[in-house]
Amino acid sequence: MKIIKCFEKHSLAYLNGLLCKKALFVFFIFTIFLIPSKAADTVIVSGTVTDATTGEPLIGVTVVVKGTSQGVVTDVDGNYRLSLPSTDNEFLLFSYVGYTTTEKLWKGETVLNVSLAPQLIGLDEVVVVGYGTQKKSDITGAVASVSKDRINNGVATDAIQYLQGAVAGLNITPTQAGANPESGAVLLIRGRNSISASNDPLIVLDGVTFYGSLSDINPKDIESIEVLKDASSSAIYGSRASNGVILIQTVKGVKGKPTIRYDAFYSIQSVANFPHLMNGDEYLDFKQGADVSDEENLPLTDSEQEVYDSGSYKSWTWRDLIIQNGNSTRHNLSVSGGNDRITYNTSFSYLGTTGIVLNDKYQRGTSRINLKSDMNNWLTLGTNVMLSYTDNSGATPSFIDVFNKSPLAVPFNPDGSINIYPIADEPRKLNPLEPLLYDDLNRRYAISANNYINIELPFIKGFSYQLNTGVQYSSTEKNWYHGLNTNLADDIKGESRTNNGADHSYILENIFSYKRDFARHSLFLTGLYSLEEKENKNTIISASGFSNDFLSWYGAPQASKYTPDYEYSKTDLISQMLRLNYSYDSRYLFTGTVRRDGYSGFGEKRKYGVFPSAAIGWNIANESFFSNAKESVNTLKLRLSYGKNGNQAIVPYQTLSQLGAGDYNSSGVPQPGYIPITLGTATLGWETTYAFNVGLDFGLFNSRITGEINVYNNNTEDLLLKRSISAVHGVNYIFQNIGKTNNEGVEFMVNANLIQTRDFSWSTNLNMSTIHTKIVDLYGDGKDDVANNWFIGQPIMVNYDYKFIGVWQQSDEILAEQYGAKPGYARYDDFNKDGVYGPADRQLIGSPEPSFTWGLTNNFKYNDFSLSFFMYGKTGVLKANPYKDRTYLIKQNYWTVDNPTNDYWSNASQANKYLGKGNYPSVYENADFVRVKEVTLAYSIPRKALNVIRLENAKVYFTGKNLFTFTKWGALDPELDNQRAIPLQREYILGLNLSF
C-alpha cells in the first residue's frame, strides 16, 4: 500500500506539472491565432445542402474547413458561402444533427452542392458502455440511452430529472420535492434485488465511480446518459453492478473557434393538489360532531374557545403562515473550443431556489473544466475536474404541521414574536413556526477530479494503455442551535449540535485495450486492474444547558453538558477485469466478461468474488437472405445474455462484533461502560445476482422508427439480510448471507421520426416496462417473517395491515357491538372470519411500488418554433394515505346520523382507534397516476437576425412543469415516497439560451 500511495503522489505531481505546461501551450496557441497574417488570394465557394432522401434544403448545417476553425452555417434556404485560399485540395466537413457527417474534397470549384443522408441511429450511433464505446449495432447487452432531445431541450436542476420516466425499467420515486434537489429519490433499475442491502445503482461519471450527490453535477454539463441493465453490459463493473449502472458523460471540447454559451432561467412555483383544510367553524363542527355518544364529543379547549369567541382566527390560516410561492433562478456560462492539439470545455453555474415552505432555501455553485491534449499521435493527456458548493441552511417548519395544528390557535405574541405554545392549555402542541427561531447551518464543499493518460503503443497496432486517477473529496458542516427562546428553554436550557464531516475516495485504474479488424473479424479486448479506497469521518459535538444565546453553537464549551463523538469508516476494493468483444462480418457478435473483486468489509475467507457473464448477438438484417426486406427493415438484431453480478452495499464492519458507549451510574457517580451494538458474522460475503436477458433491436424505414424489446429474469442469492434475532444477545439483528429473491419483467422502447419536412417535423419516444419482484426464500424453512413484513412469493415492499372496508351503519349496530364498535366507527375486514378483530386479521394489501411504468415524449418543430411534451405514469401502486387520519384536519366526508357515508368514519374519538394498543390502521388507496411532467414552447431567433446581432444561436422558451396529474389518489402527490414530506410543486419557467 505504501508503494501505491507513493506512486499516486508522484503521478499526481507529474500530472499537475503537465497541466501547467498545457496551460502555457494553450496560451501560446491562442496568441498565434491573434497575430494578424498577410491576406492570401481567396476564392468564394458556395452551394446548397439538402436532405438526400427528400431533397429539402437543410437549415443550420455547419460547414467547416477540416483541421481549422473556419466555417459557416447554411441559411434558411440551405445555402452557404465560404471564402477559401486559392490553393485547392481542401476538405470540407458538413455536419448536422440527425444526419451523417459528410467530408467533401474541394478542388477549386466555385459551386459545391452536397446531400446529407439521415443518420441510421439504430446502426451507427456510438454508445458509452463502460471503459470504452461501441456502435449500437455491436452491443449485445441491454443498454438504454437517455435521448439527446431530453438532455438538450429539457429544463432540469438535477440529473435525476433527465432520467425520470425516460428509461424503460428505471423507476424513480422522489422522497421529497423541496427547494433542495438533494432532497433525494429512490432509483431502482429493474426493481429491488436486495431486501436489506442498498438497491442503489452504481453511478459512473466520466469513466470513474462517483460517490458524490447527483445534484452536484450541473445538468448543463451533461453530454450523455446511458443505463446498463443486464449482466453482460454491467458485469464489467462487477461489484455493485447487480443493481445496474448509470453512466454519465460530461460535455467535452471540440475543435474549432471558441464558443461561448449562456443559459439562464427564472421560475415561480406553487404547491399542487392542496386539500381543503378546516377553518375555525369547520373545526368546531369537527370537535362537536361525534354522533355516536355525547361522551365521545371532543370539545374545544378553553384557549381555543376564547379564540373562537373573539373571531380572530378568521384573519389567518396555518397554510398562509407556512406555505408560500417559491421561485428559482439559474445562470450557466460555458466556453469550449480547441484545435488539433488541445480541446477544452469549461463552465460555471449558479442555482438559487426558494421553496414553497417558509425558510426552505437552497444555493448551488459549480464549476467544471474538461481538458484534453493530444501531445502527439500516440500520447493523450486529459483532466475532468468539478468543483461544487451547496448551501441548504435554514430550519424550515414541518410541512405536515400545516395539517395537524388547530386553526383556533394564537401563532404570535402581542409583540409579534412567535408564540411557542399557541394553544395555552395544550403545551405539548408546539408552534410549527418555532424552527424559524433556530440557528441552522448546512453547507457542503466537494471536488471531483479525474486525470488520465492514454498511450497508443506505436509498435503494437491497436494496443493502448490508459491510466485513470480519480479523486473525490467533500466536506460538510451541519450545525444547529435551539436556544433559550425555544421550547427547550425550561427543561434543558437550550441545545446544540455540530457535525463536521469529510468524505474522501480515490481510485487508480490501469486499463489495457486491444482493438483490431482482420478481414471480416473484429476484435476488442479490454483488461483492467484497479484499486479503490473510500474513507468517511465525522466529528460530532452535542451540548445542552446554555446560559445565553450570544454564541449559538460556538458556546458549546461553556454549556453544562458537553458530549463529543467521532465516527469513522474505511473500505478498500481491489478489482481485475477482462472483457472480449468479437464480431464476425457485423453479423455474429459475442461479449464475454470476467471480473474479480475483493472487498475489505467481508469475512477473511469471503472477501473475493468472481463475476462472469456472456452474451451473443445476431444482426439478422445483415444476412444475405434478408436483403429483400432491407427497404422496410434496415436493422434487426437478436441478443441473449447471462451472467452474475455482486452487491456489497452494507454498512462496513458487519463482520466484526462491536461495542458502543453504555455509561452507567454507580452510587451516584457516572462510570464509563460499554454495550454490544453489533454481533459480527465472520463468514459474511457477496450478495450475488444471476441475470438473464433476451432482447430484440429493430429499425424500420431507413431508421425512421427504431426500438428494442427486452425480457429479463434476475435471481439473487446469498442476500445480505438483516435478520432479526432475540435481544438476549444484546443486539436485535445480525447480517447473514441468506435468502433469495426474483425479478422479472418486459421492457419496450420505440423512437419514431413521424414527420420530416422542410417546415415541420414531429418525433416521438415511448418506453414501457413491467416489473415483478418476489421473495423466493428467507431462512431456508419456507416461512414468512411477519415482523418485518416479508412474505414468500410476495414483493419485497408490501402493505400488511387491517383492511378498511367502510363504516359501520346503524343497521349493523348488533354486529358492530360484537367487534367492539358502534355505528359510525371504521369497519375492517374480519380476514379470518372468527368474529373478532385481532392480529390475525391483518392481510396483504398490495404494494407501494409499481408493476408497470411508462413515459412518452413528443417533439414538434415548425420553422423556428418548437414544442416538446413529456408525460409519464405508473400503475399497480397501492399506498397508505396518511391524510386520512383523524389527527389531520383535512375536510372529509364524515359519517353522521344524517350523512351515513362509507367514505370516512365518525368524528368520535375512538371511531378509528378501537382495535387496541393505540392502533390507527391506515387507509390504503390506489396511487396510480398519469402526469404531464413537462411542456416547453421555444422560439429560435432566425439565422438572418442572428447574423445582424452576431450570435451563433439564440432561443427563448417557456416551460410548465407538473401541470396536470390524473389520479384517484386522495392526498397531495401519488408519486412521493414520504407522504409527510414537502410535495410536488407546479412550476412555470421562462428561459434564454445564447451562444456566440
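The rules behind the values
- Residue indices follow the written sequence of each chain, beginning from 1 at its first position.
- At least 70 in pLDDT is required for a residue's local features to be given in this predicted model, at least 80 for side-chain atom pairs to be given and counted, and no such filter applies to totals for whole chains, interfaces and linings, which use all residues.
- Processing note: side-chain calculations cover all non-hydrogen atoms of the structure and skip hydrogens and water entirely.
- Starting at the N terminus, helices and strands are each numbered in turn, a helix being any DSSP run of H or I of at least four residues and a strand any DSSP run of E of at least two.
- Our radius of gyration is a C-alpha quantity, and the globule rule it is checked against amounts to 2.2 Å times the number of residues to the power 0.38.
- Relative accessibility decides the category of a residue: with a 1.4 Å probe and only protein chains considered, values under 20% of the type maximum give buried, values over 50% give exposed, and everything between is partly exposed.
- By the convention used here, residues are in contact when the closest approach between their heavy atoms is within 4.5 Å.
- Strand pairing is assigned whenever DSSP detects at least two bridges linking the two strands.
- In this description, a line fitted to the C-alpha atoms serves as the axis of each element, helices being fitted only across the stretch in contact, and the angle between N-to-C directions of two axes falls anywhere from 0 to 180 degrees.
- A side-chain nitrogen of Lys or Arg and a carboxyl oxygen of Asp or Glu constitute a salt bridge if their distance falls within 4 Å.
- To define a nonpolar core, start from buried Ala, Val, Leu, Ile, Met, Phe, Trp, Tyr and Cys residues and group those joined through side-chain atoms within 4.5 Å.
- Patches were defined on residues exceeding 30% relative accessible area and lacking a salt bridge, with like-charge contacts within 9 Å and nonpolar side-chain contacts (Val, Leu, Ile, Met, Phe, Trp, Tyr) within 5 Å.
- Accessible surface is estimated by sampling points in the Shrake-Rupley manner with a 1.4 Å probe; for residues, cover comes only from the protein chains shown.
- Buriedness of a pocket was judged along seven lines, with at least five required to meet protein on both sides within 12 Å; pockets are open sets of points on a 1 Å grid over the protein atoms alone, cavities are sets where a 1.4 Å probe fits but cannot get out, and lining residues have an atom within 4 Å of a point.
- Grid points are joined across faces, edges and corners, and a volume is the space filled by probe spheres set on the points.
- For this analysis, a ring pair means two rings from Phe, Tyr or Trp (six-membered ring only for Trp) whose centres lie within 6.5 Å, classed as stacked if their planes differ by under 30 degrees, edge-to-face if by over 60, and tilted for the remaining angles.
- In this analysis the charged atom, NZ for Lys or CZ for Arg, is taken to sit over a ring once it is within 6 Å of the ring centre and within 35 degrees of the ring normal.
- On a range of 0 to 100, pLDDT expresses the predictor's confidence in each residue.
- As used in this structure description, the phrase polar contact means that two N or O atoms lie within 3.5 Å; if the pair is within protein, one of them must be able to donate a hydrogen and the other to accept it, and residues adjacent in sequence are counted only when both atoms belong to side chains.

A. Inspection of the overall build of the protein chain at higher detail. Within the protein chain, the regular secondary structure consists of 11 helices and 51 strands. The globule rule puts the C-alpha radius of gyration for 996 residues at 30 Å, and the 32 Å found for the protein chain is close to it. Its C-alpha atoms give the protein chain principal-axis dimensions of about 100 × 65 × 65 Å. The buried share of the protein chain, taken over its 996 residues, is 50%. Sequence-distant contacts in the protein chain: of pairs separated by 6 or more residues, those separated by 24 or more amount to 68%.

B. Main features of the sheet that holds strand 2 (residues 62-65). Taken in spatial order, the four strands of this open sheet run 3-2-5-6, and their pairing is antiparallel. Of all strands in the sheet, those with a lone pairing partner are strand 3 (71-73) and strand 6 (102-106), marking the two edges. Within this sheet the neighbouring strands show an average axis-to-axis angle of 20 degrees, counted without direction. In this structure, strand 2 lies alongside strand 5 (residues 90-95), joined through four bridges in antiparallel fashion. Following the sheet pairing, valine 64 is matched in strand 5 by leucine 93.

C. Fine view of the sheet that holds strand 15 (residues 222-228). Within the open sheet, the five strands sit side by side as 10-15-16-13-14. Their pairing is mixed. Two strands lie at the open edges of the sheet, namely strand 10 (143-145) and strand 14 (208-209), each paired on one side alone. In the sheet, strand 15 pairs with strand 16 (residues 245-250) via six bridges, with the strands oriented antiparallel. Pairing of isoleucine 222 across the sheet is with threonine 250, part of strand 16.

D. Just the pattern of salt bridges, in detail. The final tally for this structure, using the stated rule, is 26 salt bridges. A salt bridge links aspartate 597 to arginine 595; its shortest N-O distance comes to 3.1 Å. In this structure, glutamate 975 engages arginine 931 in a salt bridge whose closest nitrogen and oxygen atoms are separated by 2.8 Å. On the criterion of sequence distance, the pair formed by glutamate 975 in the loop between strand 50 (953-967) and strand 51 (985-995) and arginine 931 in strand 49 (residues 929-940) is long-range, its members being 44 residues apart. For glutamate 975, a relative accessible area of 3% corresponds to the buried category.

E. Representation of the nonpolar core within the structure. Among the nonpolar cores identified, the biggest contains 29 residues, and Trp808, Tyr828, Trp905 and Tyr914 are the most heavily contacted of them. A per-element tally of this core places helix 6 (residues 280-288) first, with three residues. Every residue in contact with tyrosine 914, bar those within four places of it in the chain, is listed here: Trp808, Tyr819, Gly820, Ala821, Tyr825, Ala826, Arg827, Tyr828 and Tyr837. Counting 26 residues, the second-largest nonpolar core is a separate cluster that includes Phe274, Ile322, Ile400 and Val877.

F. Region of the structure containing unusual backbone geometry. Phi is positive for serine 586, which is not a glycine, with a value near 55 degrees. Within the secondary structure, serine 586 is located in the loop between strand 26 (561-584) and strand 27 (588-599). Looking at serine 586, the relative accessible area reads 36%, which means it is partly exposed. A positive phi angle, close to 75 degrees, is found at tyrosine 653, a residue other than glycine. Within the secondary structure, tyrosine 653 sits in the loop between strand 29 (633-647) and strand 30 (658-661). Looking at tyrosine 653, the relative accessible area reads 26%, which means it is partly exposed.

G. Spatial organisation of the pairing of strand 13 (residues 202-205). The alternating pattern of strand 13 places Leu202 and Val204 and Ile203 and Leu205 on opposite faces, both of which are buried. Sheet topology places strand 13 next to strand 16; four bridges connect them, and they run parallel. The partner of leucine 202 across the bridge, within strand 16, is valine 245. Of the pairings in the sheet, the one linking strand 13 to strand 14 comprises two bridges and is antiparallel in character. When the sheet's bridge partners are listed, valine 204 is paired in strand 14 with threonine 209. Taken together, strand 13 and the strand that follows it, strand 14, pair antiparallel across an intervening segment of two residues, in which aspartate 206 is found at a positive phi of about 50 degrees.

H. Examining a nonpolar patch on the surface more closely. Residues Tyr266, Ile268, Phe958, Tyr988 and Leu990 make up a contiguous nonpolar surface patch of about 510 Å² in total accessible area. The set of elements that each furnish at least two residues to the nonpolar patch consists of strand 17 (256-271) and strand 51. Mapped onto the fold, tyrosine 988 is located in strand 51. Residue classification places tyrosine 988 among the partly exposed positions, given a relative accessible area of 33%.

I. Up close: empty space enclosed by the protein. Evaluation of the coordinates by the stated rule reveals 14 cavities of 30 Å³ or more. A volume near 580 Å³ is recorded for the largest cavity. Contributing to the lining of the largest cavity are 33 residues, with Thr157, Gln161, Ala177, Gly178 and Lys933 lying nearest its centre. Elements supplying a minimum of two residues to the lining of the largest cavity: helix 4 (159-163), strand 11 (170-174), strand 17, strand 49, strand 50 and strand 51.

J. The arrangement of the packing of aromatic side chains in detail. One pass over the full model with this rule turns up 36 aromatic pairs. Taking the centre distance of 5.7 Å and the plane angle of 40 degrees together, the rings of phenylalanine 286 and tyrosine 894 count as tilted. One end of the pair, phenylalanine 286, is in helix 6; the other, tyrosine 894, is in the loop between strand 47 (878-880) and strand 48 (924-926), with 608 residues separating them in the sequence. The same class applies to phenylalanine 286 as to tyrosine 894, namely buried. Residues tyrosine 828 and tyrosine 837 carry aromatic rings whose centres are separated by 6.1 Å and whose planes lie at 80 degrees to one another, so their mutual orientation is edge-to-face. The exposure class of tyrosine 837 is buried, given its relative accessible area of 16%. Grouping aromatic residues by their ring pairs yields a cluster made of Tyr283, Phe286, Tyr802, Phe804, Trp808, Tyr819, Tyr828, Tyr837, Tyr894, Tyr904 and Trp905. Sitting over the ring of phenylalanine 870, arginine 150 keeps its end group 4.0 Å from the ring centre. For lysine 722, the ring lying beneath its charged end belongs to tyrosine 733, and the centroid distance is 4.2 Å.

K. Structural detail: the confidence of the model for the protein chain. For the protein chain, per-residue confidence averages 87 on the pLDDT scale, and residues scoring 70 or more make up 92% of the total. Throughout residues 291-295 the model reports pLDDT below 50, and contacts reaching past four residues in sequence, or to other chains, amount to 10 contacts.

L. Structural context of the environment of asparagine 487. With respect to the secondary-structure elements, asparagine 487 resides in the loop between strand 23 (463-482) and strand 24 (495-518). On a C-alpha basis, the gap between asparagine 487 and leucine 430 in space is 7.9 Å, while along the polypeptide they are 57 residues apart. Once residues lying within four places of it in the same chain are set aside, the contact partners of asparagine 487 are Ile420, Tyr421, Leu430, Glu434 and Tyr438. For asparagine 487, the side chain forms a polar contact with the side chain of glutamate 434, separated by 2.6 Å.

M. Structural detail: the side chain of aspartate 829. Within the element layout of this structure, aspartate 829 appears in the loop between strand 43 (826-828) and strand 44 (843-844). For aspartate 829, the contacting residues outside a window of four places in its chain are Lys803, Ile805, Tyr837, Asp841 and Gln843.

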